[in-house]
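The chain contents come next:
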Amino acid sequence: MMRRFPHIPDPINDLFDKEKYRWDYIYLRPIIIFVYFFYRCLVFPLKFLVHRFTLGCEGYLVDRTLSFGMKYLARTEAVELLVRHIQIEPLIYRHLLSTCAHTPESPPPRFNGIDANFDVDCIRDVYRNNMTIGHDQLSYEFGDRFEKHCFLENLSQIRERVPQDHNQFSKKAIDENRRYSFQLLGPTNVSIMIVFVITIFADLRTAMRALNSFGSDSIVLWCLKHIYANNTEALVDLDFFMQSETNRGHFGSSPFFSNPNQYLYYHIVFDECVYDMLRTIKPRQ
């Protein structure tokens, strides 16, 4: 059962408070989780035997399926949460990497790099630009680019800045959802279905990288603890992301024990809390 949590921004609490009374959360979510539990026990051994490496079409199949769900099945609040997450996560990374030297050879493709363009002008952009798998790779790019000593040396500068506003990016794709969707699936089921679809179509290596693309959250949490080291109230909120289960307990998760229902709270909501904190709470020097 979802509850209101004091360390989570009110709009997210309100969203999940309404979610627990929706029919799909009450009746459909248990069925999806039940089916996924047995499906992955069958599919991962098969992937190990016949689909260990990419054939080149997996990303398109994942995003084509998910874009169909975004357009016709998901409720608008779920699509808004997903699109916002796609946009605020790289902005958090850019903020924390702002003092680390990095000169890209050329602008990265849309959705496929921390410094890329994250406009979601239409739902076609999702499968035309490999959004889902590209998004999962951001975690690894952030880990590769982050430099601890550079961050600490420039900590005072970072404390004076705030992440860019995610509204700089287009969200026109949400309008398509409003026009065409049957408004069936809420944020919880959408997040579970993303994991389900990746498990179905991705090769074994890509699926495992996607299931374990949360190492960056540990780095972000470490950075936030330093940025707000002198702000007791902020540290109290951050401590709720330090419990053993939420402190990236699924960072090295087995495909047989990973819980897709956790990704919503322990990754998407974590980024929402971090972004809101960096934008609204000034660190104390």
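Residues numbered from 1 in each chain as written. Predicted model: local features only at pLDDT ≥ 70, side-chain atom pairs only at ≥ 80, totals over all residues. Heavy atoms only, no water.

Asker: Can you help me understand the packing of aromatic side chains in this one?
Answerer: Within a pair of aromatic rings, the relevant descriptors are the distance that separates the centres and the angle that separates the planes. Going through the model one piece at a time under the given rule, you end up with 16 aromatic pairs. Plain terms: the ring middles of Tyr 39 and Phe 196 are 5.4 Å apart, the flat faces sit at 45° to each other, and that makes the pair tilted. Of the two residues, Tyr 39 sits in helix H2 (residues 23–50) while Phe 196 sits in helix H10 (residues 187–201), which places them 157 residues apart along the sequence. Residue classification places Phe 196 among the buried residues on the basis of a relative accessible area of 10%. Judged by centre distance (6.1 Å) and plane angle (45°), the rings of Phe 111 and Phe 118 are tilted. No difference in accessibility class separates Phe 111 from Phe 118, as the two residues are buried. Ring pairing ties together the aromatic residues Tyr 93, Phe 142, Phe 146, Phe 151 and Trp 222, which thus form one cluster. It is Arg 29 that lies over the ring of Tyr 25; its NZ or CZ is 4.3 Å from the centre. (Phe/Tyr/Trp six-rings, centres within 6.5 Å; stacked < 30°, edge-to-face > 60°. Helix = DSSP H or I, 4+ residues; strand = E, 2+ residues; numbered from the N terminus. Buried < 20%, exposed > 50% of the residue type's maximum accessible area, 1.4 Å probe, protein only. Lys NZ or Arg CZ within 6 Å of the ring centre and 35° of its normal.)

Asker: What am I meant to see in the nonpolar core here?
Answerer: One broad trend across soluble globular proteins is that nonpolar side chains are buried collectively. In terms of nonpolar packing, the biggest core is built from 79 residues, with Leu 96, Phe 142, Phe 151, Val 220, Leu 224 and Ile 227 touching the most fellow members. When residues in this core are grouped by element, the largest group, twelve residues, is from helix H14 (residues 260–280). When residues no more than four places from it in sequence are discounted, the contact partners of Phe 151 are Leu 96, Thr 99, Phe 146, Ile 158, Trp 222, Cys 223, His 226 and Ile 227. (Core = buried A, V, L, I, M, F, W, Y, C linked by side-chain atoms within 4.5 Å. Contact = heavy atoms within 4.5 Å.)

Asker: Can you help me understand the pattern of salt bridges in this one?
Answerer: Any two side chains of opposite charge can pair, so long as their charged atoms come close to each other. Evaluation of the coordinates by the stated rule reveals 17 salt bridges. Between Arg 22 and Glu 77 there is a salt bridge, and its shortest N-O distance comes to 3.6 Å. With a gap of 55 residues between them, Arg 22 in the loop between helix H1 (10–19) and H2 and Glu 77 in helix H4 (residues 76–96) connect regions that are remote in the sequence. A residue is classified by how much of its surface remains accessible, and Glu 77, at 21% relative accessible area, is partly exposed. Close ionic contact of Arg 110 with Asp 121 constitutes a salt bridge, the shortest N to O distance being 3.8 Å. Here Arg 110, found in the loop between H4 and helix H5 (124–128), pairs with Asp 121, found in the loop between H4 and H5; they are eleven residues apart in sequence, far enough to count as distant. (Salt bridge = Lys/Arg side-chain N within 4 Å of Asp/Glu carboxyl O.)

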